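If you want the building blocks of each chain, they are given just below.
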Amino acid sequence: MTAPVNILNQTYARTGQSKKNNELGMREMQARAFEKRDSQYLLIKSPPASGKSRAMMFLALDKLINQGIKKVIITVPEMSIGKSFRSTPLSDFGFFADWEVADRYNLCLNLAQSDFRKTEIFSEFITQDLDSSELPQILVCTHHSFRYGFDKVIEDGGSIDLFNDVLIGIDEFHHVSADESNRLGAILDSIMNRTNAHIVAMTGSYFRGDSIPILSDKDEEKFDKVTYTYYEQLNGYEHLKSLGLGYHFYKKSFFDALDECLDTTKKTIIHIPNVNSLTAETDKYETVGRIIDVIGDPISRDDNSGVITVRTKDGRQVLVADLVTDDAIRVNTQAYLANITSPDEMDIIIALGMAKEGFDWEYCEHVLTIGYRGSLTEVVQIIGRATRDSKGKEHAQFTNLIAEPEADKSEVTSSVNDLLKAITLSLLMEQVLKPNINFKRRSEIDLLGTADLPPGTVVIDDTENPPSDRVMEILNQEKDELLAQLYQNVDNSKKYIAAENNYTEAEAVSDNVIPRVIRSKYPALDSNEVRQVQEGLMQYMAINRQGGIVEGKDIPDDAPIENERLFIKKGSEYVDVSSLDEREKNKLKPEDIIKDRHLPPDAKIYDPKTNSSHINETNPSNSFVKVGSKFVNVNNLPIDLVKSINPFHDAYEVLSRTVDKEVLKTINDGVHASRSTVTEEEAIIMWPKISAFIKSKGRQPNFNSSDDIERRMAEVVAYVRNQKAKRDASYHD
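Cut-offs used in this document
Residues numbered from 1 in each chain as written. Predicted model: local features only at pLDDT ≥ 70, side-chain atom pairs only at ≥ 80, totals over all residues. Heavy atoms only, no water. Helix = DSSP H or I, 4+ residues; strand = E, 2+ residues; numbered from the N terminus. Buried < 20%, exposed > 50% of the residue type's maximum accessible area, 1.4 Å probe, protein only. Contact = heavy atoms within 4.5 Å. Areas by Shrake-Rupley, 256 points an atom, 1.4 Å probe, with all protein chains shown as cover. Pairing = 2+ DSSP bridges. Axes fitted to C-alpha atoms, helices over the stretch in contact; angles between N-to-C directions. Salt bridge = Lys/Arg side-chain N within 4 Å of Asp/Glu carboxyl O. Expected span 1.5 Å × (residues − 1). Bend = angle between axes of the 7 residues up to and from the residue. Phe/Tyr/Trp six-rings, centres within 6.5 Å; stacked < 30°, edge-to-face > 60°. Lys NZ or Arg CZ within 6 Å of the ring centre and 35° of its normal. Polar contact = N/O pair within 3.5 Å; in protein donor to acceptor, adjacent residues only side chain to side chain. Parallel < 35°, antiparallel > 145°, perpendicular 65-115°, else oblique. Left-handed = near helix turned anticlockwise from the far one by under 90°. Nonpolar A, V, L, I, M, F, W, Y, C, P; charged D, E, K, R; others polar. Arc of directions from axis to C-beta. Patch = residues over 30% accessible without salt bridge, like charges linked within 9 Å, V, L, I, M, F, W, Y side chains within 5 Å. Lys, Arg positive; Asp, Glu negative; His and termini not counted. Charge placed at Lys NZ, Arg CZ, Asp CG, Glu CD.

**Side note on the overall build of the protein chain**
Alright, step 1. Helix and strand content of the protein chain: 22 helices and 25 strands.
Alright, step 2. A buried classification covers 52% of the 733 residues belonging to the protein chain.
Alright, step 3. In the protein chain, the proportion of contacts linking residues at least 24 apart, taken out of those at least 6 apart, comes to 73%.
Alright, step 4. Carbon and sulfur atoms provide 46% of the accessible area of the protein chain, an area that totals close to 33,200 Å².

This is the structure in structure tokens:
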């Protein structure tokens, strides 16, 4: 076993900005969304706990009152999330109307209602007279009820025209898919193309674990987008100071590793593996029991709430909620958790399919997930359980407990793949959780300094090859979706890891893999646009790889900036020191010299060689990246640094630091075997030579050897092990 290691340790400024309300009672994200209230199609991408539900209320009420919309249908993925859309007195906080939903038309409130009854109410709502102002205008239902309700209306002879002048609000939009088998996606496509309905879609994660696009490119282009980043949300909190994303690798049994990564003094949610996964070691009930044994000795279980009191090994008493055991009392446990108002009312929650999307326990400090999770959306939702802002909570932690792959196990290939996928998911989250980077064309920028650029701006020189509006939209609003497709493909991670020590090979992999990812997501882009998106994406990754953006005002005065010009002041003008002769330079005193960063934005620069003056046209971006000991302007990053970026470098760094040699060799064997050109015939021919090599050298052939034959032997060994693992797996099946 190894100690937990964090891939990301991000600190935040606690500005309080994301929690402040404006005069209409809107938080920062909600106000940003409301600015786009006239959009027919609006997609809001914003992290958990940023106030998406209330943003939907503001938008829906404005459309009902001011834009001619007659009805609103809000759809949520599960009934528990529907409570977020209960009647709310928004006028108490400054808005011009209240959100009022009749209990009959909130289909998420009554647990006892049958699907048939909900479908009847849905049909009643959508077919009732639009001109009657006395009738309810808002319905809340699950995605499931919406699908069945829509189909029932059409089956009963209703026209899709019934959805004209209707706003459809879709919460947790990542449940929709452009795939033909996804009914919700098909209904949405039909409504968009055959009615004048408005659509507001919201998601805390615009990713799908199955890598199927949420919308077709044609439909997606119709949406205006509002993005509120994870960094904006967390940096604007009042209490949360830092977030860690980490891993803990174990051998044999995860139960033996829990002592090392479960701190019972922290408010924790433990997500156990599905019984059908490779990680599962026993059934779910036994898993809960053994986890409680690790926590301590059970003392009692409350007859009403089902909450278990456990005495820890150091004598403290902690409260544990079991959301796994599906007995009659579990619904009481859920109700108890939904009404918690203080940290003392719960310590540890053990869950399987629950306590993720929409679950709100603001005191949670640590989410401990056992086993690989194949969906980035699920990882985002799990992390979101710990990132609520709460008084006294300064740090939030996500830990993924993962098995080390064993070379002698039949599932070695699957284990290596799962481990790589788990780590690369966090690499993507690392990109998402850093400060945002914006791209702007140089022609859009006021070089005279009358318009301040937002922090983290990268300027694209568009004098010769201007990027299209679509390219700019992708780079500014959709780059994380592109990275998701890149990172979630385990074959891509293997190619990059195999090129770990070869910058030229990493560049070749990027030139092959990244354009393919871009074309698959955006088939309408031409080759020049694909190249521009690739360059911007790699620049984005390179900046984050170097630690992210540093604003000029935050650079220490004595820190060197590469190629920074130095000036002296003569009268009302400034002269570049490099234009002075040696005699003048030798007369200069340190206090005479003014750094470029300290020049006023409208400084007049005098050139003694031409005897003329001009306004200082310095680099329009005041954002820097630290490269080595110097700071480099984001627009002057060395091209070699950008081209050679290996997005999976950090994954390999984590592995090499945290697993032993044998495990690292197993991983490397799996990586190299997946890209090997070895055939069975060659393996048979080479095997006697390999056996002789091992006998004479006392070791296995090395992939990194300078000898071509030894490297090929290593590939053959990896191939043979891989084939043996596949045969063993097939035999066991």
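**Observations regarding the sheet that holds strand β2 (residues 41–45)**
Alright, step 1. A sheet is described by the order of its strands in space; here six strands give the open sequence β4-β3-β5-β6-β2-β7, paired in parallel fashion. For this open sheet the edge positions go to β4 (138–142) and β7 (224–227), each flanked by a neighbour on one side alone. Looking at each pair of strands side by side, their axes are set apart by 15° on average, direction ignored.
Alright, step 2. Pairing between strand β3 (residues 71–76) and β4: five bridges, direction parallel. Looking at the pairing, Ile73 lines up with Leu139 of β4.

**Concerning the pattern of salt bridges**
Alright, step 1. All told, the structure shown has 26 salt bridges when counted by the stated rule.
Alright, step 2. When the shortest N-O distance is used, the salt bridge between Glu394 and Arg14 registers 3.6 Å. In this pair, Glu394 sits in the loop between α11 (376–384) and β15 (395–403) while Arg14 sits in the loop between β1 (5–11) and α1 (28–34), placing the two residues 380 residues apart along the sequence.
Alright, step 3. The exposure class assigned to Glu394 is partly exposed, which follows from its relative accessible area of 44%.
Alright, step 4. Each member of the salt-bridge network shares a partner with another, and the members are Lys225, Arg470, Glu473 and Glu478.

**Examining the pairing of β15**
Alright, step 1. Of all nine residues in β15, seven are buried; the element is thus mostly enclosed.
Alright, step 2. Strand direction decides the pairing type here: strand β8 (residues 242–250) and β15, joined by nine bridges, are parallel. Paired with Phe249 across the strands is Ile402, a residue of β15.
Alright, step 3. Across five bridges, strand β14 (residues 366–370) lies against β15 in parallel orientation. Opposite Val367, over in β15, you have Phe398 as the bridge partner.

**What about helix α13 (residues 469–487)?**
Alright, step 1. Its 19 residues place the ends of α13 26 Å apart at the C-alpha level, agreeing with the 27 Å of an ideal helix rising 1.5 Å per residue.
Alright, step 2. The axis of α13 is deflected most strongly, by about 80°, at Glu478.
Alright, step 3. Burial of α13 is extensive: 14 of the 19 residues sit out of reach of the surface.

**Looking at the packing of aromatic side chains**
Alright, step 1. Counted according to the given criterion, the structure contains 11 aromatic pairs.
Alright, step 2. Judged by centre distance (5.5 Å) and plane angle (35°), the rings of Tyr41 and Phe223 are tilted. Of this pair, Tyr41 sits in strand β2 while Phe223 sits in the loop between α6 (217–220) and β7, placing them 182 residues apart in sequence.
Alright, step 3. Taking the relative accessible area as the measure of exposure, Tyr41 reaches 8% and is therefore buried.
Alright, step 4. Owing to a relative accessible area of 2%, Phe223 belongs among the buried residues under this scheme.
Alright, step 5. Centre to centre, the rings of Tyr250 and Phe254 are 6.2 Å apart; their planes meet at 80°, and the pair counts as edge-to-face.
Alright, step 6. On the basis of relative accessible area, Tyr250 is assigned to the buried category, the value being 2%.
Alright, step 7. One aromatic cluster in this structure is built from Phe34, Phe58, Phe95 and Phe96.
Alright, step 8. Lying across the ring of Phe125, Lys71 places its NZ or CZ 5.5 Å from the centre.

**Side note on the sheet that holds strand β12 (residues 317–322)**
Alright, step 1. Taken in spatial order, the nine strands of this open sheet run β1-β8-β15-β14-β9-β13-β12-β11-β10, and their pairing is mixed. The two strands at the open ends of the sheet, each matched to only one other strand, are β1 and β10 (296–301). For this sheet the average axis-to-axis angle between neighbouring strands, irrespective of direction, equals 20°.
Alright, step 2. Two elements, β12 and strand β13 (residues 348–351), share three bridges in a ladder whose sense is parallel. Its bridge partner being in β13, Asp322 is matched across the sheet by Ile350.

**Quick word on the side chain of Glu529**
Alright, step 1. Along the chain, Glu529 turns up in helix α16 (residues 527–545).
Alright, step 2. Looking at Glu529, its side chain comes within polar contact range of the side chain of Ser468, at 2.7 Å.
Alright, step 3. Setting aside residues no more than four positions away along its own chain, Glu529 makes contact with Ser468, Val471 and Ala524.

**Quick notes on the side chain of Gln233**
Alright, step 1. Here Gln233 is to be found in helix α7 (residues 230–235).
Alright, step 2. Excluding residues that lie within four positions of it along the chain, Gln233 makes contacts with Ser18, Arg27, Pro47, Pro48, Ala49, Ser50 and Tyr228.

**Thoughts on the packing of helix α4 (residues 143–155) against helix α5 (residues 183–194)**
Alright, step 1. At a minimum axis distance of 10 Å, the contact between α4 and α5 shows a crossing angle of 55°. It follows that α4 is oblique to α5 by the angle criterion. Where α4 crosses over α5, the handedness of that crossing is left-handed. Together, His143, Phe146, Arg147, Phe150 and Asp151 of α4 and Arg183, Leu184, Ile187 and Ile191 of α5 make up the contact between the two elements.
Alright, step 2. A class-by-class count of the residues in the contact of α4 with α5 yields five nonpolar, one polar and three charged.

**Describing helix α9 (residues 284–295)**
The α-helix advances 3.6 residues per turn, and as a result positions three or four apart in sequence lie on the same side.
Alright, step 1. Between its terminal C-alpha atoms α9 stretches 17 Å, which fits the 16 Å expected from 12 residues at 1.5 Å a residue.
Alright, step 2. Among the residues of α9, Thr287, Val288, Ile291, Ile292, Val294 and Ile295 are the ones counted as buried. All buried residues of α9 fall inside an arc of 155° around its axis, so they share one side.
Alright, step 3. With a side-chain oxygen positioned 3.0 Å from the backbone nitrogen of Tyr285, the residue opening α9 is Asp283.

**Topic: a negative patch on the surface**
Alright, step 1. Where like charges cluster on the molecular surface, the negative patch consists of Asp256, Asp259, Glu260 and Glu281.
Alright, step 2. Among the structural elements, Asp256 can be located in helix α8 (residues 254–261).
Alright, step 3. With a relative accessible area of 48%, Asp256 lands in the partly exposed category.

**With respect to the packing of α13 against α16**
Relative placement of two packed helices is described by the angle separating their axes and the distance separating the axes.
Alright, step 1. Relative to each other, α13 and α16 sit at 70°, their axes nearing to 10 Å. Comparing their axes, α16 and α13 come out roughly perpendicular. From α13, Val471, Ile474, Leu475, Lys479, Asp480, Leu482, Leu483, Leu486 and Tyr487 reach across to α16, where they touch Glu529, Gln532, Val533, Gly536, Leu537, Tyr540 and Met541.
Alright, step 2. Taken together, the residues of the contact of α13 with α16 sort by class into 11 nonpolar, two polar and three charged.

**Describing unusual backbone geometry**
Alright, step 1. Within the chain, Ala49 stands out as a residue other than glycine whose phi angle is a positive 70°.
Alright, step 2. Within the secondary structure layout, Ala49 lies in the loop between β2 and α2 (52–66).
Alright, step 3. One non-glycine residue with positive phi stands out, namely Asn611, at about 55°.
Alright, step 4. Counting through the fold element by element, Asn611 comes out in the loop between β22 (604–607) and β23 (612–615).

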